[in-house]
Amino acid sequence: MDEIWKDIPGYEGKYQASSEGRIKSLERVIHSSNQNGEFDYLLKERILRPGKRGNYLMVVLNDPRKSFAVHHLVIAAFVGERDGMYVLHANGDPRDNRLVNLRYDTQTENVYDVYRQGKAWKKLTMDDVEGIRFGLFCGFTCTRLGELYGVGHQAISKIKNGDRYAWLK
């Protein structure tokens, strides 16, 4: 499949995202100034080399200067803005930012995806949450359950009060 490039919203004519998950800076003339006066220089087209923030690949775009997750830029260029939705990686690899691997969905679906891929959302698996609920039913304290599951008592309390994992029946 051929790599397709599209302008990144808000950075049209400056930066593009590709269907293969890459970001490039387009060739353009930059007007600048310093203590010696004003000048123009030619910025050549180049593929940006992303850095890492946690599990995600990040790039910095200029004018205005801001850091972005690569997956956000790719899907925004090809699908449109997020409008409150989350960007999900179909194969569970946050470094795989190809368009075919990305989709918009809800936070709940994002959590379900993590569990379907056999991983834990944060520290706790679905089985852990069920075990915690059973422990609470049996009278264990939040502090004791926190010790057993390697999380703070606050996390257990939030499960108990329905502030966390309420979607998990």
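Let us look at the structure shown here. Quick caveat, the model's predicted, so the values are computed rather than measured.

Inspection of the secondary structure assignment puts Glu147 in helix α4 (residues 142-149). The class for Glu147 is exposed, based on a relative accessible area of 54%.

As a further point, take the packing of aromatic side chains. For the coordinates displayed, the defined rule picks out three aromatic pairs. Centre to centre, the rings of Tyr11 and Tyr15 are 5.8 Å apart; their planes meet at 80°, and the pair counts as edge-to-face. Residue classification places Tyr15 among the buried positions, given a relative accessible area of 3%. Between Tyr11 and Phe68, the ring centres sit 5.8 Å apart and the planes meet at 85°, which makes this aromatic pair edge-to-face.

On to the pairing of strand β4 (residues 28-34). Sheet analysis places β4 next to strand β5 (residues 37-43), joined by seven bridges and oriented antiparallel. If you follow Ser33 over to β5, its bridge partner there is Glu38. The hairpin turn running from β4 into β5, its antiparallel successor, is two residues long.

So, how was this worked out
- Residues numbered from 1 in each chain as written.
- Predicted model: local features only at pLDDT ≥ 70, side-chain atom pairs only at ≥ 80, totals over all residues.
- Heavy atoms only, no water.
- Helix = DSSP H or I, 4+ residues; strand = E, 2+ residues; numbered from the N terminus.
- Buried < 20%, exposed > 50% of the residue type's maximum accessible area, 1.4 Å probe, protein only.
- Phe/Tyr/Trp six-rings, centres within 6.5 Å; stacked < 30°, edge-to-face > 60°.
- Pairing = 2+ DSSP bridges.

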